4 protein chains.
Amino acid sequence: MTNELEIRVRYRECDPMGVVHHTVYPTWFEMGRTELLRAAGGGYRDMEAAGIFLVVVKLEVQYRQPARYDDLLQLETTLAKASRAKIQHAYSLKRDGIVLATGETTLACLDASGQVREVPDSLVTADGARAS
Amino acid sequence: MTNELEIRVRYRECDPMGVVHHTVYPTWFEMGRTELLRAAGGGYRDMEAAGIFLVVVKLEVQYRQPARYDDLLQLETTLAKASRAKIQHAYSLKRDGIVLATGETTLACLDASGQVREVPDSLVTADGARAS
Amino acid sequence: MTNELEIRVRYRECDPMGVVHHTVYPTWFEMGRTELLRAAGGGYRDMEAAGIFLVVVKLEVQYRQPARYDDLLQLETTLAKASRAKIQHAYSLKRDGIVLATGETTLACLDASGQVREVPDSLVTADGARAS
Amino acid sequence: MTNELEIRVRYRECDPMGVVHHTVYPTWFEMGRTELLRAAGGGYRDMEAAGIFLVVVKLEVQYRQPARYDDLLQLETTLAKASRAKIQHAYSLKRDGIVLATGETTLACLDASGQVREVPDSLVTADGARAS
């Protein structure tokens, strides 16, 4: 499961070096996850309305090349693994085919009271289920 | 009622011109309101826990001089008027006595269901009460 | 001169009330200005590369209805007036035809040394020129 | 070399779950680095003015417990290793002695033209120098 999202860099996202600030990339990764869920027929807004919350428990980003204001970027978001306990995504951000950054996140699933709960069936992949 | 808050400019708050981005100032204004409420013996976190929400319905900012990364700024937040219907604050942001920006906000009060409700007694000033 | 831009609300842009934080709207207004310049045949990135900088000197926002995570919004950005001294834009943000917020900004033009300079010919409207 | 920085959580930094959004932590880490440099007798603003830029090439964050609006947090920033090629920092964010998150960053050093250059002597630790 992979989603490709086009992102236009905002002026607000750039810093005094004239490049995108490193804290912006995980915001884009989150946008990629939103679109991946939408494409899978669900939607994160509906999940939260149903009392299911996904929280980031681990984040890693590797920065290779800077992105700049007004760049048009391509973000590839992949569901790497989803088990009963956690969901892992991988990200690759490109401009004209050149990788600018890569990243990985691990999500856990909480209920409305903030307690850890099982990842819903609809999000568990075949591979993930075997691994759980 | 006035509060003075010291603010250290973050790198993330600055843009490719090397100055604080104009969208950051209202975030600082909100910090000023938080401190003003705290100094008045209340706290906005407790208000929200009690089901009372303050929302910005109008914002104005006048930008005079740029602020830069690592600057140490002084934000003066003043409760201008508080009636049963709305609360007005005024802001003055300075560096070494020089005014960099001024602003005004108007807040309304909502209940937990998002409906407009009266501003709580504790927030209504003598002047504001007369004006309401 | 008017531009219409579609905006998908990001999770990061929403606050504990579950609605878009009021400081996000001016970031969207800036995106509208970027697209308006692009549609006019120029581009703000090129302007900065040429040593011409547009800075916000005044901002006003009126908030009417909240926007929420994952909403698809329409932002209408209009060049209201452009003279030798300043450029004024007006904004209207809608969801399904309902106005959520309106705003206005005034920009001044700086050179690479941060000094005020005349607004470039290409940005001065016929109406604005008469008004200057 | 360690710096402890007190951070008051801003409303803007919290998301619809009512907790600090995960993208905010690396902004705080950057603030910790600024203060660590200041305490060491230098300052990052002066470094940039001298044409020396530090860029994040790798980021890792582990999230354990949520932080909330108005929380008063303690961020411990430690220079883990600094060689001729890169600088590594470690972070521990606590509230009342409880660790909420930990993180690590790796920085590289660029010159004004964006080319990789050696880390300045003043930033290279004895341990780091041996490791380089």
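Scroll up for the structure.
Since we're looking at a predicted model, the values are computed, not measured.

Now for the environment of C:Asp15. Locating C:Asp15 in the fold gives a position in the loop between strand 1 (2-8) and helix 1 (25-39). In this structure C:Asp15 comes out as buried when scored by C-beta crowding, with 22 C-beta atoms within 10 Å. Each C-alpha atom, one on C:Asp15 and one on C:Asp111, is 37 Å from the other, the two residues being 96 residues apart in sequence. Those residues in contact with C:Asp15 that sit more than four places away from it in its chain are C:His21, D:Tyr11, D:Arg12 and D:Cys14.

A few words now on the nonpolar core. In terms of nonpolar packing, the biggest core is built from 67 residues, with A:Tyr25, A:Trp28, A:Leu93, D:Tyr25, D:Trp28 and D:Leu93 touching the most fellow members. With 55 residues, the next largest nonpolar core counts B:Cys14, B:Val19, B:Val20 and B:Leu59 among its residues.

This part takes up the interface of chain A and chain C. The interface is formed by 11 residues belonging to chain A together with 11 residues belonging to chain C. Top element by residues in the side of chain A that touches chain C is helix 1 (residues 25-39) of chain A. It accounts for four residues.

Looking now at the environment of D:Ala49. Inspection of the secondary structure puts D:Ala49 in helix 2 (residues 44-49). Separated by 63 residues in the primary sequence, D:Ala49 and D:Ala112 place their C-alpha atoms 9.4 Å from one another.

The partner chain A presents 14 residues to the 14 residues of chain D that form the contact. Contributions of two or more residues to the side of chain D that touches chain A are made by helix 1 (25-39) and strand 2 (52-63) of chain D. For the side of chain D that touches chain A, the leading source of residues is strand 2 of chain D, giving nine residues. Grouping the constituent residues of the side of chain D that touches chain A by class yields eight nonpolar, four polar and two charged. Sheet analysis places strand 2 (residues 52-63) of chain A next to strand 2 of chain D, joined by five bridges and oriented antiparallel. Within strand 2 of chain D, the position partnered with A:Leu59 by the bridge is D:Val61.

This brings us to the relation of the copies chain D and chain A. Between the two copies, chain D and chain A, the superposition gives an RMSD of 0.0 Å; the rotation angle is 180° and the shift along the axis is 0.0 Å. As the rotation angle and translation indicate, the two copies are arranged about a two-fold axis. By C-alpha distance to the rotation axis, the residue of chain D lying nearest is D:Glu60, at 2.2 Å. The fraction of interface residues of chain D whose copies in chain A are also interface residues reaches 100%, indicating that both copies meet through the same surface.

Taken in spatial order, the 10 strands line up as 1(A)-3(A)-4(A)-5(A)-2(A)-2(D)-5(D)-4(D)-3(D)-1(D) in an open sheet, and their pairing is antiparallel. Pairing within the sheet leaves two strands with one partner each, and these edge strands are strand 1 (2-8) of chain A together with strand 1 (2-8) of chain D. Neighbouring strand axes in the sheet, compared pairwise and without regard to direction, differ in orientation by 25° on average. Pairing analysis gives nine bridges linking strand 4 (residues 87-95) of chain D to strand 5 (residues 98-111) of chain D, with the strands arranged antiparallel. Residue D:Leu93 lies in a different strand from strand 5 of chain D, and its bridge partner there is D:Ala101. Sheet strands in contact with helix 1 of chain A are strand 1, strand 2, strand 3 (72-82), strand 4 (87-95) and strand 5 (98-111) of chain A, and its direction is about 135° off that of strand 1 of chain A.

This part covers unusual backbone geometry. Trans peptide bonds make up the majority, and among non-glycine residues the majority have a negative phi. Residues and elements named next belong to chain A. Non-glycine residue Asp 70 carries a positive phi angle of around 75°. By the element assignment, Asp 70 lies in the loop between strand 2 and strand 3. The class of Asp 70 is partly exposed, set by 17 C-beta atoms lying within 10 Å.

What counts, and where the lines are drawn
- Residues numbered from 1 in each chain as written.
- Chains lettered and ligands numbered in written order.
- Predicted model: local features only at pLDDT ≥ 70, side-chain atom pairs only at ≥ 80, totals over all residues.
- Helix = DSSP H or I, 4+ residues; strand = E, 2+ residues; numbered from the N terminus.
- Buried ≥ 20, exposed ≤ 12 C-beta atoms within 10 Å, placed from the backbone.
- Contact = placed C-beta atoms within 7 Å.
- Core = buried A, V, L, I, M, F, W, Y, C linked by C-beta atoms within 7 Å.
- Nonpolar A, V, L, I, M, F, W, Y, C, P; charged D, E, K, R; others polar.
- Pairing = 2+ DSSP bridges.
- Least-squares fit on C-alpha atoms with pLDDT ≥ 70 in both.
- Axes fitted to C-alpha atoms, helices over the stretch in contact; angles between N-to-C directions.

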